[in-house]
Amino acid sequence: IHESFPIKDAVPRIAFGKCWNAGQTCVAPDHLLCPRGKVDEFVREFTAQVSSMYPSGLLNNPDYTSVVNSKQYTRIQGY
């Protein structure tokens, strides 16, 4: 995120990309470069954004997917 770009504009875009199909897409962001002075703001805004996207939480949410089986879960945990 460029230091001149508003965090409030960046967060919804990044959250959508990360949460789409539970982040199980080849284009889901895994890393973020954020100016040091804006990290706390980003975390606060990202948490609020995801909470607004999934107000009932992620666990047992029918609108949020999960890893397809235990074999794939174990593979991902190995990363």
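One can find the structure itself at the top, above this paragraph.
Below: a short report on this structure.

1. Thoughts on the nonpolar core
Point 1. Among the nonpolar cores identified, the biggest contains 5 residues, and these are Ala15, Cys19, Val50, Tyr54 and Tyr64.
Point 2. What alanine 15 contacts, discounting residues up to four positions off in sequence, is Phe46, Gln49, Val50 and Met53.

2. Considering the packing of helix α1 (residues 7–19) against helix α2 (residues 39–53)
Point 1. Direction vectors running N to C along α1 and α2 enclose 55 degrees, while the axes themselves pass 9 Å from each other. Taken together, the axis directions place α1 and α2 in an arrangement best described as oblique. Crossing handedness for the pair α1 and α2: right-handed. Listed contacts from α2 to Ile7, Lys8, Val11, Pro12, Ile14, Ala15, Phe16, Lys18 and Cys19 of α1 are Glu41, Phe42, Glu45, Phe46, Gln49, Val50 and Met53.

3. Describing the packing of aromatic side chains
Point 1. Under the criterion given, the structure shown has 3 aromatic pairs.
Point 2. Judged by centre distance (6.3 Å) and plane angle (15 degrees), the rings of phenylalanine 16 and tryptophan 20 are stacked.
Point 3. With a centroid separation of 5.0 Å and 85 degrees between ring planes, the pair formed by tyrosine 54 and tyrosine 64 is classed as edge-to-face. Here tyrosine 54, found in the loop between α2 and α3 (70–78), pairs with tyrosine 64, found in the loop between α2 and α3; they are 10 residues apart in sequence, far enough to count as distant. Both residues of the pair, tyrosine 54 and tyrosine 64, belong to the buried class.

What counts, and where the lines are drawn
- Residues numbered from 1 in each chain as written.
- Predicted model: local features only at pLDDT ≥ 70, side-chain atom pairs only at ≥ 80, totals over all residues.
- Heavy atoms only, no water.
- Core = buried A, V, L, I, M, F, W, Y, C linked by side-chain atoms within 4.5 Å.
- Buried < 20%, exposed > 50% of the residue type's maximum accessible area, 1.4 Å probe, protein only.
- Contact = heavy atoms within 4.5 Å.
- Axes fitted to C-alpha atoms, helices over the stretch in contact; angles between N-to-C directions.
- Helix = DSSP H or I, 4+ residues; strand = E, 2+ residues; numbered from the N terminus.
- Parallel < 35°, antiparallel > 145°, perpendicular 65-115°, else oblique.
- Left-handed = near helix turned anticlockwise from the far one by under 90°.
- Phe/Tyr/Trp six-rings, centres within 6.5 Å; stacked < 30°, edge-to-face > 60°.

Function cannot be inferred from these measures alone, as they are strictly geometric.
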